[in-house]
Amino acid sequence: MNTSMDWLNIGLWGMIIGTVAIVLFSSTLRKEDRHHAYLAGWITLIASTSYYALTVGFGDFTINGQVVQVARYADWIITTPLLLASLILVALPKNKSKERTSILTGIIGLDVFMIATGLFATLTTNKWPWYIFSCVALVLIAYMLYVVVLDESKKVAGKKIVKIYTSLAMFLSVLWLAYPAVWYLAGSGVGTLTTQTENAIYTVLDVTAKAGFGLLLLASIKSLAVSVKPKDGVSTVEAASK
Ligand code: RET
């Protein structure tokens, strides 16, 4: 595999296979827990179309001699809020967390701001102020996840939920931190990475952060249901909470 196109095709197939795997997995979940799978499948489905756009160059344009792949940002601005929402729906049970709506609103706002300012950084020669705005938003998202959401989860959810949430949040944040580093090193930033390496790293990160994360989340809910044995009509996250 040595061209950018090969990596984009791997991304396309990774997202398609991920979507199929998530749909198949959803049928093994309790009906009350399927919203987790719908969100995960929605995310990989959107990414499949974004990778298709990338493979055909739809949304690519050249600014200051640099090719900008707008399809990536179009994907991220929709799917990263959904990824955060899917994580928070595990941490904070419906009807038990009074702060859930405020937390969701706050974190999604920060996330949209992060991707939008990241796109502005990519489109302008005066990129570093925009890059810094975007990085500040990422730090605030990490604060929300590790302080605000974690505290609320400890308050309203059971120990098992907190444990699952913590490992999913760690999985997510390690991957997410790599994005500004790749952006900085690629042509969008200082230009140390070739386009091919940039596409390779983004592909691996995207497939892991969407399909890998989604399947891990679903597997965690499924095994939690086995140990909690929820009643009909009650989601596993609610049943495992205080
Ligand atoms: C940019 C550049 C500007 C600085 C920062 C960025 C962060 C991007 C992130 C993207 C996450 C994408 C995911 C995609 C899944 O498929 C926009 C690269 C902070 C965190 C999780």
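Above: the structure in question.
Cut-offs used in this document
Residues numbered from 1 in each chain as written. Predicted model: local features only at pLDDT ≥ 70, side-chain atom pairs only at ≥ 80, totals over all residues. Heavy atoms only, no water. Helix = DSSP H or I, 4+ residues; strand = E, 2+ residues; numbered from the N terminus. Rg over C-alpha atoms; globule rule 2.2 N^0.38 Å. Buried < 20%, exposed > 50% of the residue type's maximum accessible area, 1.4 Å probe, protein only. Areas by Shrake-Rupley, 256 points an atom, 1.4 Å probe, with all protein chains shown as cover. Lys, Arg positive; Asp, Glu negative; His and termini not counted. Charge placed at Lys NZ, Arg CZ, Asp CG, Glu CD. Expected span 1.5 Å × (residues − 1). Bend = angle between axes of the 7 residues up to and from the residue. Patch = residues over 30% accessible without salt bridge, like charges linked within 9 Å, V, L, I, M, F, W, Y side chains within 5 Å. Salt bridge = Lys/Arg side-chain N within 4 Å of Asp/Glu carboxyl O. Polar contact = N/O pair within 3.5 Å; in protein donor to acceptor, adjacent residues only side chain to side chain. Contact = heavy atoms within 4.5 Å. Core = buried A, V, L, I, M, F, W, Y, C linked by side-chain atoms within 4.5 Å.

Trainee: Looking at this model, I keep getting lost on the overall build of the protein chain. Mind explaining?
Mentor: A count of helical and extended segments in the protein chain gives 8 helices and 2 strands. Listed by position from the N terminus, the elements making up the protein chain come as α-α-β-β-α-α-α-α-α-α. On C-alpha atoms alone, the protein chain measures out to a radius of gyration of 19 Å, which is about the 18 Å that the 2.2 N^0.38 rule sets for 242 residues. By principal-axis analysis of the C-alpha atoms, the protein chain measures approximately 60 × 35 × 20 Å. In the protein chain, which comprises 242 residues, the proportion classed as buried is 51%. Carbon and sulfur atoms form 70% of the exposed surface of the protein chain, whose accessible area is close to 11400 Å². Positive and negative charge centroids in the protein chain, built from 19 and 13 side chains respectively, lie 12 Å apart.

Trainee: Would you take a moment to explain helix H7 (residues 195-228) for this structure?
Mentor: Think of an α-helix as 3.6 residues a turn; residues three or four steps apart then line up on the same face. For H7, built from 34 residues, the straight-helix expectation of 50 Å at 1.5 Å per residue is met to within 8% by its first-to-last C-alpha distance of 48 Å. Along H7, the helix axis deviates most sharply at Thr208, where the bend reaches about 30 degrees. Of the residues one or two after H7, Lys229 is the one with positive phi, at around 50 degrees.

Trainee: What am I meant to see in a nonpolar patch on the surface here?
Mentor: A surface patch of nonpolar side chains, about 590 Å² in accessible area, is lined by Trp128, Ile132, Val136, Leu140, Tyr184, Leu185 and Val190. Of note, Trp128 is situated in helix H5 (residues 127-156). Judged by its relative accessible area of 33%, Trp128 is partly exposed.

Trainee: How do you make sense of the side chain of Thr236 when you look at a structure like this?
Mentor: With respect to the secondary-structure elements, Thr236 resides in helix H8 (residues 236-239). Note on Thr236: relative accessible area 0%, which makes it buried. Within polar-contact distance, the side chain of Thr236 engages the side chain of Asp33 at 2.5 Å. Ignoring any residue separated from it by four or fewer positions in sequence, one finds Thr236 in contact with Arg30, Asp33, Ile221, Leu224, Ala225 and Pro230.

Trainee: What exactly am I supposed to notice about the nonpolar core here?
Mentor: Generally speaking, nonpolar side chains in soluble globular proteins are found buried as a group. Counting 60 residues, the largest nonpolar core has Leu87, Leu145, Val149, Tyr165 and Trp176 as its most contacted members. Those residues in contact with Tyr165 that lie beyond four places of it in its chain are Leu87, Ala91, Leu145, Val149 and Leu150. Within the second largest apolar cluster, 8 residues are counted, among which are Met15, Ala47, Leu54 and Ala71.

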